[in-house]
Structures are given as C-alpha cells and as structure tokens.
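Now for the letters of each chain:
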Amino acid sequence: MAAVRRELREFLDKCAGEAIVWDEYLTGPFGLIAQYSLLKEHEVEKMFTLKGSRLPAADVKNIIFFVRPRLELMDIIAENVLSEDKRGPARDFHILFVPRRSLLCEQRLKDLGVLGSFIHREEYSLDLIPFDGDLLSMESEGAFKECYLESDQTSLYHAAKGLMTLQALYGTIPQIFGKGECARQVANMMIRMKREFTGSQNSIFPLTYEGLIDEIYGIQNSYVKLPPEKFVPKKQGDGGKDLPTEAKKLQLNSAEELYAEIRDKNFNAVGSVLSKKAKVISAAFEERHNAKTVGEIKQFVSQLPHMQAARGSLANHTSIAELIKDVTSEYPVEGRFSSGADLRTPGCKFANYILASEDFFDKLTVEQEFMSGIDTDKVNSYIEDCIAQKHPLIKVLRLVCLQSVCNSGLKQKVLDYYKREILQTYGYEHILTLYNLEKAGLLKPQTGGRNNYPTIRKTLRLWMDDVNEQNPTDISYVYSGYAPLSVRLAQLLSRPGWRSIEEVLRILPGPHFEERQPLPTGLQKKRQPGENRVTLIFFLGGVTFAEIAALRFLSQLEDGGTEYVIATTKLMNGASWIESLMEKPF
C-alpha cells in the first residue's frame, strides 16, 4: 500500500496546482488507497468526473486525466481538451493510464489531434488493491469476458504482475498448485482457481450476511448504498415529514468490530448475535448508575466513545438486517417441491431454508433442487413462469446456466426451448448474450449423454443434508447446503491433498498441476509446532463473498492448519458476473 501511495504522490508532484478528471469507475478503487486529504496535500485543487463536452471552470494550470485504457474514453478526453483550448488561457494536460499505458489509446488521441497536448503520458500499476486484511482484488470488471470470450490475456498478465509484487514484498512462494488453462498461464505464482469449473456457485443466491447485502444492494469498493428510511430516528420517522431521500452510504470492512463478527455468518444466525450485542451494550450503559466515585465516573466517560460507536454500529446493522428481511420475509410454507418433497416432513433435506417471501423462496427451492441433482434434465416450470412473467433477464439466465452446469449441459430440445422462449420474450438482440454464455461453457448442449455432476457432487461432498447454520461445522453453511466447489478443492488440497481426488480433477475442465519454486539459501525453515501454513488463493475471473466467507471459516478452524489469503481479478456476485457476459443492445 505504501509503495502504491508513493508512486501516486510522485506523479502528482510533477504537476503542482492541478485538477483531476476521473474515469468514474476508478474513483472507488482509488478511494481505498488515497483519501482526499492526501490529494489535497499534493495541491489537488479540483476534481471532476470525466464527461463529454466542456469541463467545469477551474483556476488551475494542470489538468490530469486518470483513466482506464478504453478507446471510448479517449473520445471524451479529446472533446474535453479541445473545448479547454478554445476557452483559454492555455492549460497543461497530463494523462495517467490505470493499470497500463495503451498504444491504441494514444493512437486514437493522435487521430483526434490532441496527443501533443499531453506533457506527461504515464501508467499507474494498480494491480492488487487491499480491501481487507485477508482480501486483495484487481477490480478488473472485464477479466472473465476477456479471458474466456475474447482470448485476451491482459488481465492474466496483471494477475501475474501483482503476484510478483507480493513475492518481492513477502518472499518466494515455494509451492504452486493450479486448476484450469488460465491458471496454467499464471503457473509461476500461487494457487489459482478458474471460473470455468466453478460456474454453478456463482449463479446461486448466497445466504451469508455480507453475500445478501451484495446481492440485494451491491457492495462497491467496500461501500454500500441503502434505502434511507430504515436509518431515520423513530421520532422523525413517525412524523412522516422531512424524511431523507438520499441513499445511506456505509463502509463495510473488518475495521468495524460488529461487522467483522457477523459478515460471514449465515443470515439465520445474525439475529441472535445482534440481540446478544444489544443486551451487552445496554448493560454497559447501565453501568453509569453504579459509578459513584470520581475515578469510576472518569473510567466510564473514557469508555463512552467506544460504547457510542458500538451502539451506532448495532443500529446500522439492525437496520440492514431489517432491509434484508423485507426481501426474505417470513410467510407460511404450504407447498411442495416439484419433486414431491414436503418441507413439513421431518428430516426433509431442504428444511434448512430460511423462510422467505414467496418468489425468493421459490427461486431458492429451484436452485437447491438443481444443486442436489433433482429434475435437471427437463424444462423447469419455475423458469418457464419467470420468462412468461418477464422477470429480470439476469435472473432467468442465472437459473438456466445453473441447470446447465448441474446437468453437464442441457438436452438439445431443452436448450432450444429455453433459447427460443428467452429470445421471443426479451428480444432477439439477446442472441449475442446467449452465444457468449455458450462460448463460456455455462449454457451448452449435453454431449456424450453422460452427466458427470453427480460424481463430482458425491466425491467432493458438494451437497450436505444436515447444515448447522447457527454453529457451522462445514463450509456448506454459506449456501445452506451447497459447499462452494472452489473452496472445497482448496480444503482438500490442504488435507489430504489432490492425489486423493485425481479422478474428479480429470473430469473437471482444464489441467491441474503442481510446481515448486526453490527458496534462496538461508530462507528455508521448518514450521514450528502449531504454526499455520499460509496459502494465497488467486481466483482468476472473480470471487464471490460466499466463497470468501467459506475460506475465512476454514482459516478459523482450530485444527485447520491453514490460514488463507484471498486475491482475485474482481469481487463479484451472480448478477454482476452474468451481466459482464451480456451484450448491450444496439
């Protein structure tokens, strides 16, 4: 982090008295490494968002464009520069490409007649951004599409570059394990997991607290924007007047004690934690009545800021839990599964559902039926209804892709039916999106007539019937039954090793491999008794908060023996993942 900030400061010092024009996508990642106070210290006087036409007026000599290397952004920059030249007086322009300089972009600027206006044209290597103590991300939103649809290996290069930086800072990584073609291409790094064989879990709705916040409201660069009405003091809310209209923006990371405690819990376990925390905080405030002496009063006052912060944190997360519950609110369960299973039957394997609003519950029902291998080979009635009622296309595509993955592809007539219904309902412009999903291997016809998913599910124990959501004993708690494939592979690699699952690894797409890097003389050492092995897992294509929660759970196991650090090309959820593969209609 210090090296990244130093590089930024050095660039800013070249252009004293400046205005920064931001590519809007970069404002979030940069906010994690450089607060406004740092920019102010280095004479940044104004900041604007990159938009077409003329820039807002600013009495500065230097204007710096912080942008991704995108051709469409070069057109906007040229428009800005030409409009400033007409306005006068003369300005000095600079451009900083993040994370790499692009000859194509510079050629576009030249074609538009503005390349010569830039005094400095440099790149800023923002490869891995720290989101938390155990979490790093490149935040490359197009990495999955680039790798698996466009055969563009640029994001792989930056993943390798980021890992090389980690090695330079923390030493050589001695053992490397990988699975998948893309992992093979970054094979001189650490453990890598490829999205082509873990596509099923990305389509499922996560049931952890953090995962639900991200799915419902979207977490961007550790911040979430929430409906404001739940955060209004009761007296103000009861009046019905002057209610806030601006979204409530909260930062979410482990620096907040309560959030660190509940973020990775199944949502069913969050309520009891909040209730206990409320009693503890209430008791702490009641202690003021027991403070009799000056010393006791002074001690209570010294603890007051922490107690007030804890009470504010509790209020915020109680409000967030209520917002989530509005989406997953309780209702009487009367129906049966399409397979005939009855939730009211003692020991029913699906009884670990959270009670939910009817559509939310129906969606979860279908997802868990697919994951447990029920009715994956025929047209699903719930998906039919979603298409007929024109539910959001992303929701439909997630379910169809999940069914395809859990059946090792769909029967041709089932696939053709889904494609025809989607195109007729949502428009034929989405044929390119369906093509992308097929090319990525997420939506495909079944070949060879054999479904390998049951073998993978049973061998790797991907579906667990008895899940303890309150006090989990297995990673499957993050989806209330399904264990994320990527995390299960990491768990088995740690103990007993991948040799125990060679047959399944051969079934999964892409090669698997092991490589070793020799350690310099004098740095080789044996782990002390009780000392955990540190394993860095790099997810190429993206990682979900449910997978992160599962890895943190493994890190906390007393007999686990492994502490996991997570890196990725992008923090994502099922909706953003599918959206990255969709072609925007013309």
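Thresholds applied
- The numbering scheme is per chain: residues are counted from 1 as the chain's sequence reads.
- A pLDDT threshold of at least 70 governs which residues receive local features in this predicted model, and a stricter bar of 80 or more applies before side-chain atom pairs are shown or counted, although totals over entire chains, interfaces and linings include all residues.
- With hydrogens and water excluded, all non-hydrogen atoms of the structure serve as input to the side-chain values.
- Helical segments are the DSSP runs of H or I of at least four residues, strand segments are the runs of E of at least two, and each set is numbered from the N terminus.
- Between buried and exposed lies partly exposed: a residue is buried under 20% and exposed over 50% of the maximum accessible area for its type, with that area taken using a 1.4 Å probe on protein chains only.
- Two residues form a contact once any of their heavy atoms are found within 4.5 Å.
- Note on areas: Shrake-Rupley, 1.4 Å probe, and residue coverage restricted to the protein chains presented here.
- When a carboxyl oxygen of Asp or Glu lies within 4 Å of a side-chain nitrogen of Lys or Arg, that pair is called a salt bridge.
- Within 6.5 Å between ring centres, the rings of Phe, Tyr and Trp (the latter by its six-membered ring) count as paired, and their orientation is classed by plane angle as stacked under 30 degrees, edge-to-face over 60, tilted in between.
- Consider the ring centre and the ring normal. A charge sits over the ring if Lys NZ or Arg CZ is within 6 Å of that centre and within 35 degrees of that normal.
- Two strands pair if DSSP finds at least two bridges between them.
- Under this scheme, a helix contributes an axis fitted over its contacting stretch, all axes are lines through C-alpha atoms, and angles between N-to-C directions fall in the 0 to 180 degree range.
- Note that the term roughly parallel is reserved for angles under 35 degrees, roughly antiparallel for angles over 145, roughly perpendicular for angles of 65 to 115, and oblique for everything else.
- Handedness of each helix crossing follows the sense of rotation of the near helix against the far helix: counterclockwise by less than a right angle gives left-handed, clockwise gives right-handed.
- Basically, the charged four are Asp, Glu, Lys and Arg, the nonpolar ten are Ala, Val, Leu, Ile, Met, Phe, Trp, Tyr, Cys and Pro, and anything else, Gly included, counts as polar.
- Confidence per residue, as judged by the predictor, is encoded in pLDDT with a range of 0 to 100.
- The disulfide criterion used throughout: a pair of cysteine sulfur atoms within 2.5 Å.
- Here a patch means residues that are over 30% exposed by relative accessible area and free of salt bridges, tied together within 9 Å if like-charged and within 5 Å if nonpolar (Val, Leu, Ile, Met, Phe, Trp, Tyr).
- Note on charges: Lys and Arg go in the positive column, Asp and Glu in the negative column, and His and the chain ends are not counted at all.
- Taken as the charge location is NZ of Lys, CZ of Arg, CG of Asp or CD of Glu.

Moving on: the overall build of the protein chain. Summing up its helical and strand segments, the protein chain has 24 helices and 15 strands in all. A burial count over the protein chain gives 51% of its 586 residues as buried. The contacts in the protein chain between residues at least 6 apart in sequence include a share of 74% that link residues at least 24 apart. Accessible surface, the protein chain: about 28,000 Å² in total, of which carbon and sulfur atoms supply 51%.

All right, on to the pattern of salt bridges then. In the structure shown here, the tally under the stated rule is 29 salt bridges. Close ionic contact of Glu215 with Arg398 constitutes a salt bridge, the shortest N to O distance being 2.9 Å. Highlighted residues: Glu215 in helix H10 (residues 209-217) and Arg398 in helix H17 (residues 393-405), separated in sequence by 183 residues. For Arg398, a relative accessible area of 5% puts it in the buried group. Residue Lys378 is joined to Asp375 by a salt bridge in which the shortest nitrogen-to-oxygen separation is 3.7 Å.

Cis rather than trans, the peptide bond between Val98 and Pro99 has omega equal to 5°. Note that Pro99 resides in the loop between strand E4 (92-97) and helix H5 (103-111). For the bond from Arg495 to Pro496, the omega torsion is 10°, close enough to zero to count as cis. Along the chain, Pro496 falls in the loop between helix H21 (485-494) and helix H22 (502-507).

Let us look at the packing of aromatic side chains. Tallied over the full model, the rule gives 17 aromatic pairs. Taken together, the aromatic side chains of Phe11, Trp22, Phe30, Phe66 and Tyr124 make up a single cluster linked through ring pairs. A cation over a ring is seen here: Lys249 above Tyr223, with NZ or CZ 4.9 Å from the ring centre. Arg311 extends its terminal NZ or CZ atom over the ring of Phe285, reaching a point 4.1 Å from the ring centre.

On to the environment of Tyr124. With respect to the helices and strands, the residue Tyr124 is situated in the loop between strand E5 (118-123) and strand E6 (129-132). Assessed through its relative accessible area of 1%, Tyr124 is described here as buried. Along the sequence, Tyr124 and Leu96 sit 28 residues apart, while their C-alpha atoms lie 6.4 Å from each other.

Every other side chain in a regular strand lies on the same face of the sheet, so the side chains alternate between the two faces. The element strand E3 (residues 62-67) is extensively covered by neighbouring structure, given that six of its six residues are classed as buried. A two-sided burial pattern is seen for E3, the buried positions comprising Asn62, Ile64 and Phe66 on one face and Ile63, Phe65 and Val67 on the other. As paired elements, strand E1 (residues 18-22) and E3 share five bridges and run parallel to each other. Pairing of Ile20 across the sheet is with Ile64, part of E3. Across six bridges, E3 lies against E4 in parallel orientation. Its bridge partner lying in E4, Phe66 is registered against Leu96.

Here Thr569 shows up in the loop between strand E15 (562-568) and helix H24 (574-580). Contact partners of Thr569, with chain neighbours within four places excluded, come to Ser137, Met138, Glu139, Ser140, Ala143, Phe538, Phe539, Leu540, Gly541 and Gly542.

This paragraph deals with the sheet that holds strand E12 (residues 248-251). Pairing is antiparallel across the open sheet formed by three strands, whose spatial order is E10-E11-E12. Edge positions in the sheet fall to strand E10 (219-220) and E12, since each has one partner strand and no second. In this structure, strand E11 (residues 223-226) lies alongside E12, joined through four bridges in antiparallel fashion. Counted as the bridge partner of Val224 is Leu250 from E12.

Each strand in a sheet pairs with another by means of backbone hydrogen bonds, the pair being arranged parallel or else antiparallel. Reading across the sheet, the five strands line up as E2-E1-E3-E4-E5 and stay open at both edges, with parallel pairing between neighbours. In the strand order of this sheet, the two ends are held by strand E2 (44-49) and E5, each with one partner. For this sheet the average axis-to-axis angle between neighbouring strands, irrespective of direction, equals 20°. Set on the sheet, helix H1 (residues 2-13) makes contact with E1, E2, E3, E4 and E5; between it and E3 the angle comes to about 145°. Running over the sheet, helix H2 (residues 24-33) touches E1, E2 and E3 and is turned about 110° from E1.

For the pair H21 and helix H23 (residues 545-556), the least separation of the axes is 9 Å and the interaxial angle reads 20°. The orientation of H21 relative to H23 falls into the category roughly parallel. Crossing geometry of H21 relative to H23 is assigned as right-handed. Touching Ser486, Val487, Ala490 and Gln491 of H21 are Glu547, Ala550, Leu551 and Leu554, all from H23. A per-class count over the contact of H21 with H23 returns five nonpolar, two polar and one charged.

Attention now moves to the environment of Gly574. Secondary-structure assignment places Gly574 in helix H24. Excluding its chain neighbours within four sequence positions, the residues that come into contact with Gly574 are Asn202, Glu215 and Arg398.

Another aspect to go through is the confidence of the model for the protein chain. Summing up the model confidence of the protein chain, the mean pLDDT is 85 and the portion of residues at 70 or higher is 89%. Ranking the elements of the protein chain by mean pLDDT puts strand E9 (residues 191-194) last, at 44, and helix H18 (residues 412-426) first, at 97. Scored below 50 in pLDDT, residues 330-356 shows 62 contacts in the model against residues more than four places distant or in partner chains.

What follows deals with the state of the cysteines. This structure, assessed with the given rule, holds zero disulfides. With no disulfide of its own, Cys147 has Cys182 as its nearest cysteine by sulfur position, at a separation of 4.4 Å. The exposure class assigned to Cys147 is buried, which follows from its relative accessible area of 14%.

Looking now at a negative patch on the surface. A cluster of like negative charges, contributed by Glu7, Glu10, Asp13, Glu43, Glu45, Asp59 and Glu123, occupies part of the molecular surface. Residue contributions to the negative patch peak at three residues, all from H1. Topologically, Glu45 is positioned in strand E2. On the basis of relative accessibility, which here comes to 40%, the residue Glu45 falls in the partly exposed class.

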